[in-house]
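Geometric and topological summary
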Amino acid sequence: MVARFWKVFLLYRASIVSQLSYKKNLIVELVVWFLYALLPLFAMDLFLHEHVVSASMLVYYMYGMILVAYNLARMFARGLDQYEQLLFTGALDVYFTRPMSVVVQVIGSELFLRRLSGIVVGVIAICKSYAMGLTVSWWFSLYLVVVLMVVYVGLMLVSASILTVTQEGTMLASILVDSSAHIGFYPTTMVAQPARFVFMYVVPVYFCLYVPVEMALSGKYVLGCFIPFGVMCVVLGVGLYVFNVMLNQYQSSNG
């Protein structure tokens, strides 16, 4: 297990070194992405200025939590975004020759540093909610961020695996991951059917964030930990299973 983590670390280190070789470009992109992620926060300040504090702080909290988890998943599992290129150029063939799981190599092939901008903005939003009086403990918030991040990685595995048989996997990724993150900023129960069903049960942001937070606010931390953990295990398990099944259908484009 330690050896596997060390190999993943080496893959990430190589990616970081590569990105740091273009420091000026990286700095400019970090600044631009930071401003882009910060704009919705300013918009929320304008719209929530006259709202009840208790409602406003939960909006900031949910926005920040989803933004941090989403960007962490996109940063650490960036390789899944590039999976289409690996498939259709035949570059994936090399991964089968190495003594390491293909899925680990794909996920660890790149660490996308530009996502740090979104993470910072998300942390700012979370801190703002705590400054407004949020009573959810910090350790619980950290736990939910990790859970939600893993859920997003599981969804990315499913969408990437579809690319093995069809190029529609890119559209699926947009629906499962990107759209769920954006819609997740709003209370799931406010979303109209059938979208509500999708974003409650297919993309279970509701059970990994809204339900446990409600439980935490009523002091039920233990139950609030078990529910999202169970959902996370199911989503990640399904993601890994589907990815490996579809990987067995892979045929090299190099013949």
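Just so it is clear, the model here is predicted, and its values are computed rather than measured.

Okay, the overall build of the chain next. Within the chain, the secondary structure is distributed over 12 helices and zero strands. Ordered by position from the N terminus, the helices and strands of the chain form the series α-α-α-α-α-α-α-α-α-α-α-α. Looking at the chain as a whole, 47% of its 255 residues are labelled buried. Long-range pairs, those at least 24 residues apart, make up 78% of the contacts in the chain with a sequence separation of at least 6. Carbon and sulfur atoms provide 71% of the accessible area of the chain, an area that totals close to 13,300 Å².

This part is about the pattern of salt bridges. By the definition in use, this model includes four salt bridges. Arginine 78 is paired through a salt bridge with glutamate 110; the nearest N and O atoms lie 3.8 Å apart. One end of the pair, arginine 78, is in helix 4 (residues 78–81); the other, glutamate 110, is in the loop between helix 6 (102–107) and helix 7 (116–131), with 32 residues separating them in the sequence. The two residues arginine 78 and glutamate 110 agree in class, both being buried. One continuous salt-bridge network, built from bridges that share partners, spans Arg74, Arg78, Asp81 and Glu110.

Tyr61, Leu80, Tyr83, Leu92, Tyr152 and Leu209 are the most contacted members of the largest nonpolar core, which has 65 residues in total. With 14 residues, the top contributor of residues to this core is helix 8 (residues 138–162). With residues up to four places along the chain from it excluded, the contact list for leucine 92 reads Tyr83, Leu86, Leu87, Val102, Val106, Leu247 and Tyr250. Counting residues in hydrophobic clusters, the runner-up holds eight residues, among them Leu38, Tyr60, Leu67 and Val121.

Bringing the side chain of serine 161 into the picture now. Within the element layout of this structure, serine 161 appears in helix 8. The class of serine 161 is buried, set by a relative accessible area of 1%. Looking at serine 161, its side chain comes within polar contact range of the main-chain oxygen of valine 158, at 2.6 Å. Residue contacts for serine 161: discarding those within four places in its chain leaves Val242, Phe243 and Met246.

Take helix 7 next. Taking 1.5 Å as the rise per residue, helix 7 with 16 residues should run 22 Å; its terminal C-alpha atoms sit 22 Å apart, in good agreement. Within the span of helix 7, buried status applies to Ser117, Gly118, Ile119, Val121, Gly122, Ala125, Ile126, Ser129 and Tyr130. Glycine 133 sits one or two residues past helix 7 and shows a positive phi near 115°.

Once that is clear, we can look at the packing of helix 11 (residues 205–217) against helix 12 (residues 221–247). Contact geometry for helix 11 and helix 12: axes closest at 8 Å, N-to-C directions at 170°. Classed by the angle they form, the pair helix 11 and helix 12 counts as roughly antiparallel. Only Tyr221, Leu223, Gly224, Ile227, Pro228 and Val231 of helix 12 make contact with helix 11, whose side of the interface consists of Phe207, Cys208, Val211, Pro212, Met215 and Ala216.

Once that is clear, we can look at the side chain of serine 129. Summarising the element assignment, serine 129 is placed in helix 7. Leave out the neighbours within four places in its chain, and serine 129 touches Met57, Tyr60, Tyr61 and Leu134.

The subject of this paragraph is the confidence of the model for the chain. Summing up the model confidence of the chain, the mean pLDDT is 80 and the portion of residues at 70 or higher is 77%. Model confidence for the chain, summarised as mean pLDDT per element, is weakest for helix 9 (residues 169–183) at 60 and strongest for helix 7 at 92.

Between its terminal C-alpha atoms helix 8 stretches 37 Å, which fits the 36 Å expected from 25 residues at 1.5 Å a residue. Burial analysis of helix 8 places 19 of its 25 residues in the buried class, the great majority of the element.

In this description, an aromatic ring pair is defined by two values, namely the gap between the centres and the angle between the planes. Inspection of the entire model under this criterion finds 12 aromatic pairs. With centroids separated by 5.8 Å and ring planes inclined at 70°, the aromatic side chains of tyrosine 12 and phenylalanine 76 adopt a geometry described as edge-to-face. Taken together, the residues tyrosine 12 in helix 1 (residues 2–20) and phenylalanine 76 in helix 3 (residues 53–76) connect sequence positions 64 residues apart. For tyrosine 12, a relative accessible area of 13% translates into the label buried. Plain terms: the ring middles of phenylalanine 140 and tyrosine 143 are 6.4 Å apart, the flat faces sit at 35° to each other, and that makes the pair tilted. Here the residue phenylalanine 140 and the residue tyrosine 143 both occupy positions in helix 8, the gap between them amounting to three residues, near one helical turn. By relative accessible area, which is 0% here, phenylalanine 140 ends up buried. A relative accessible area of 23% means that tyrosine 143 is categorised as partly exposed. Residue placement shows arginine 78 over the ring face of phenylalanine 112; its charged tip is 3.9 Å from the ring centre.

Each value, and the rule that gives it
- Residues numbered from 1 in each chain as written.
- Predicted model: local features only at pLDDT ≥ 70, side-chain atom pairs only at ≥ 80, totals over all residues.
- Heavy atoms only, no water.
- Helix = DSSP H or I, 4+ residues; strand = E, 2+ residues; numbered from the N terminus.
- Buried < 20%, exposed > 50% of the residue type's maximum accessible area, 1.4 Å probe, protein only.
- Contact = heavy atoms within 4.5 Å.
- Areas by Shrake-Rupley, 256 points an atom, 1.4 Å probe, with all protein chains shown as cover.
- Salt bridge = Lys/Arg side-chain N within 4 Å of Asp/Glu carboxyl O.
- Core = buried A, V, L, I, M, F, W, Y, C linked by side-chain atoms within 4.5 Å.
- Polar contact = N/O pair within 3.5 Å; in protein donor to acceptor, adjacent residues only side chain to side chain.
- Expected span 1.5 Å × (residues − 1).
- Axes fitted to C-alpha atoms, helices over the stretch in contact; angles between N-to-C directions.
- Parallel < 35°, antiparallel > 145°, perpendicular 65-115°, else oblique.
- pLDDT = per-residue confidence, 0-100.
- Phe/Tyr/Trp six-rings, centres within 6.5 Å; stacked < 30°, edge-to-face > 60°.
- Lys NZ or Arg CZ within 6 Å of the ring centre and 35° of its normal.

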